[in-house]
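Here's the letter readout for the chains.
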Amino acid sequence: MSIETDTATANQIAIDREKGNFRYDTDYAFDAGVGLRPATIDYIADVKGEEPWVREFRHKALKIFESKPMPTHWATKDLEAIDFSKIRYYLSQGQKPSRTWDEVPADIKKTFERLGIPEQERKFLAGVEAQFDSEAAYSRMKEGLSKLGVIFVGPTEGLKDHAEIFRPWFGKVIPTSDNKFSALNSAVFSGGSFIYVPKGVKVKQPLQAYFRINAENFGQFERTLIIADEGAEVTYMEGCTAPKFETATLHSAVVELVALKGAKIQYITVQNWSNNVFNLVTKRGLAHEEAEIRWIDCNIGSRLTMKYPGVILKGRKARGEVLSIALAGDGQHQDTGAKMIHAADETSSNIIAKSISVGKGRSTYRGLVQIPKHLKNCKNNTECDALLINANSRTDTYPAITVRGEGNSVQHEASVSKVSAEQIFYMRSRGLSEAAAMSLSVNGFINDLVREFPMEYSVELKRLIELEMEGSVG
Amino acid sequence: MPSLDIRNLSANIGDKQILKDFTLSIPKGEVHAIMGPNGAGKSTLAKTLAGHEDYTVTGGEVFLDGQPILGLEADARARLGLFLAFQYPCEIPGVSIANFLRAALQARLGEGQEIVATQFYKKLHEKMDQLKMDRKFTARGLNEGFSGGERKRCEILQMMMLEPAYAVMDETDSGLDIDALKIVAQGVNLMRGPNLGVLVITHYQRLLDYIVPDVVHVMWDGRIVKSGGKELAFELEAKGYDWVSKELAPAIAK
């Protein structure tokens, strides 16, 4: 197995990345190779020391993955560019690619500068270092959390040491067979966060994936499961505005949220993968009686992102919300949206999606809202607004709304606009350059959503948009 | 004497010529008023000076403190010190007045220089108080949901914050009630001085009771047909624009 990886590795480096130079440390003892076969699954389960049921779960998932076709009948044909046989599905510690700071491309360094990213983080994000040493910050937080009884571990530990908590819900919110990519993730998942918040505990500090950074955590196939017990509250944040450079072209995460009676979960994501990445994510929450699940999603990077955070409103008076911002530039397609499945009376859902298409970028909104006829007094509100910056920017909207029954109400508003020439002239007449005027306008367009993000993110987001706009004007 | 010097300016919108050989000089320290009927080209003058893309200059030159500006983009002209108070200021949703003004002021600074927040807000509040604007407005989206009068006041606020060398005010009085008019005029009068040249474009004489001009010009069919002191405004009000079309315009045409 290991001998041919030398050429394969070299090929992957050439195919996968567009900028900069990466090299792989050669450590054949931990090499799962490229391509996906049952042996790869066994390898992963062996390295992690997993229980037989987990190994079995993975194997079943592999079969389902192989049996499902690519969903190009409704999704973009660009998916066909993914070559599953050339991908590495598991990278251990010793194999993380690295490069020197000098080899990092100038425009990436410039972005770090403009976003005010601290020195040490820059090296990690640019792939110069495989680890970000956040142990100190993390251990303080760990202590505080364990006092509250909060469990915050990775999937391996979660399924092994806390199986009684996580196993009942694992794969229940998003069944393996949900789609081809949830099946893939179920076969090769590695890294991610498993969190349990006990009854009545309201965690004040947002939990961040960042705190648990190790080589695996910014991985390709993260699996996250967050369970908030009755009356518990928790906010989780993942990602960062800084461009995260990846050699791997396929990222396929699965995130399952379970909010028991009266619980609240808020999940915030800012995604800025480099432009060679296919980011295909399945995210869904299950909200029980009087519970609330809120997804706040911002997609700025990647070549193609397909992500439709959803909430199943299973208990009476449950509430689901998706706030989404997408920015698609040249060579990018943000195919995002939301799913709200009402399954109890008096449930309500809210979707606000704003997208910006710049240059030849394309953004797509897909929204599913289902309220079946036996339910009463359910409400949905959807607002999707698209902003087109250039003449060849593109946006599409595919709402799929099914509402039946009595006493249910649905409101749907959609708009497509351009930044008006009058607005730009007005701003320029005050001395702002065209680029500055554009970015102010765009920031104004998403302002009410950006305000929902925690402050560190919202400041960075605004700066990031300024950068994107600068690049696009002219 | 530093001035905004407009020489033989001709400009079209599409194929239609609006400004015809228009000449006018506004020295710093003076307030000039232009009065004229609809269609005379008053707004065209304002927008052409500011550099609006819809208008094509077909002849003439404009100098700001000796520097030619027709070849410059709108934002470059603004940074040189030109300010246009719009007749119909547009909304910029989601962009607060405070952020907008900060960005505009920042645009005038060099690399590495930053606006000092405390000084900025102090000045902003001071000017808002002078214009009797509620301080809560700083956080509102620029002109978002503002009435016409509120928008005009906001234009004056911007003018006071940006401290231009030359201000062109395009029918600032339209849509204002008498109280708002007085407040706006007060704002402008506070700025009058040797470092500012003002061109007030108006339909009605009433504004000129409060912003008393040094020179009044009458505009007709794309050019100035008569200039005089502030009494000219009263004469025009008394005789009406018929007087202009029957007596003044033909006189120039000869």
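Residues numbered from 1 in each chain as written. Chains lettered and ligands numbered in written order. Predicted model: local features only at pLDDT ≥ 70, side-chain atom pairs only at ≥ 80, totals over all residues.

Caption draft 1: The arrangement of the overall build of chain A in detail. Scanning chain A for helices and strands turns up 12 helices and 19 strands. Within chain A, buried positions represent 49% of all 474 residues. For chain A, restricting intrachain contacts to residue pairs at least 6 apart in sequence, the fraction spanning at least 24 positions comes to 83%. (Helix = DSSP H or I, 4+ residues; strand = E, 2+ residues; numbered from the N terminus. Buried ≥ 20, exposed ≤ 12 C-beta atoms within 10 Å, placed from the backbone. Contact = placed C-beta atoms within 7 Å.)

Caption draft 2: Focus on the overall build of chain B. If you tally the helices and strands in chain B, you get eight helices and 12 strands. For chain B, whose C-alpha radius of gyration is 18 Å, the value lies close to the compact-globule estimate of 18 Å for 254 residues. Each principal axis of the C-alpha distribution contributes one length, and for chain B these read about 60 × 40 × 35 Å. (Rg over C-alpha atoms; globule rule 2.2 N^0.38 Å.)

Caption draft 3: Quick peek at the packing of helix α4 (residues 117-130) of chain B against helix α5 (residues 148-162) of chain B. Residues and elements named next belong to chain B. The contact between α4 and α5 brings their axes to 10 Å, and the two run at 140 degrees. The orientation of α4 relative to α5 falls into the category oblique. In the packing of α4 onto α5, the handedness of the crossing is right-handed. Touching K123, L124, K127 and M128 of α4 are L157, M160 and M161, all from α5. Here the residues of the contact of α4 with α5 are counted per class, giving five nonpolar, no polar and two charged. (Axes fitted to C-alpha atoms, helices over the stretch in contact; angles between N-to-C directions. Parallel < 35°, antiparallel > 145°, perpendicular 65-115°, else oblique. Left-handed = near helix turned anticlockwise from the far one by under 90°. Nonpolar A, V, L, I, M, F, W, Y, C, P; charged D, E, K, R; others polar.)

Caption draft 4: Representation of the interface of chain B and chain A in the model. Counting from both sides, the interface comprises 22 residues of chain B and, opposite them, 18 residues of chain A. Of all the secondary-structure elements, those providing two or more residues to the side of chain B that touches chain A are α2 (74-80), β7 (92-96), α3 (97-106) and α5 of chain B.

Caption draft 5: Layout of the pairing of strand β12 (residues 223-228) of chain B. Residue and element names in this part refer to chain B. Bridging between strand β11 (residues 215-220) and β12 involves five bridges; their strand directions are antiparallel. Residue V216 lies in a different strand from β12, and its bridge partner there is G228. Between β11 and the antiparallel strand that follows it, β12, lie two residues; D221 among them carries a positive phi value of about 50 degrees. (Pairing = 2+ DSSP bridges.)

Caption draft 6: View of the confidence of the model for chain B. Residue-level pLDDT values for chain B average 91, and 98% of them are 70 or greater. This complex was scored by the predictor with a pTM of 0.81 and an ipTM of 0.94. (pLDDT = per-residue confidence, 0-100.)

Caption draft 7: Up close: the domain arrangement of chain A. Residues and elements named next belong to chain A. What the domain assignment lists for chain A is domain 1 (135-175 + 190-415) and domain 2 (419-474). Between the C-alpha centres of domain 1 and domain 2 the distance comes to 26 Å. On the domain 2 side, the residues contacting the 20 residues of domain 1 number 16 residues. If you list the elements that add at least two residues to the side of domain 1 that touches domain 2, you get β8 (264-271), β10 (292-299), β13 (319-328) and β15 (348-357). Considering only residue class, the side of domain 1 that touches domain 2 consists of 15 nonpolar, four polar and one charged. (Domains from an automatic or database assignment.)

Caption draft 8: Inspection of the sheet that holds strand β5 (residues 67-68) of chain B at higher detail. Residue and element names in this part refer to chain B. Within the open sheet, the four strands sit side by side as β2-β1-β4-β5. Their pairing is antiparallel. In this open sheet, the two strands that pair with only one neighbour each are β2 (16-27) and β5. Where strand β4 (residues 55-64) lies against β5, two bridges are found, and the strand directions are antiparallel. Bridge pairing in β5 places F63 opposite P68.

Caption draft 9: Highlighting the pairing of strand β10 (residues 197-202) of chain B. Residue and element names in this part refer to chain B. The buried fraction of β10 amounts to six of the six residues, a majority that puts the element mostly inside the structure. Pairing analysis gives five bridges linking strand β3 (residues 31-35) to β10, with the strands arranged parallel. For A33, the partnering residue across the bridge sits in β10 and is V200. Strand direction decides the pairing type here: strand β9 (residues 166-170) and β10, joined by five bridges, are parallel. Bridging across to β10, Y166 finds its partner in G197. Viewed along the sheet, the connection from β9 through helix α6 (residues 178-191) into β10 turns out right-handed. (Right-handed = clockwise from strand over helix to strand, strands pointing away.)

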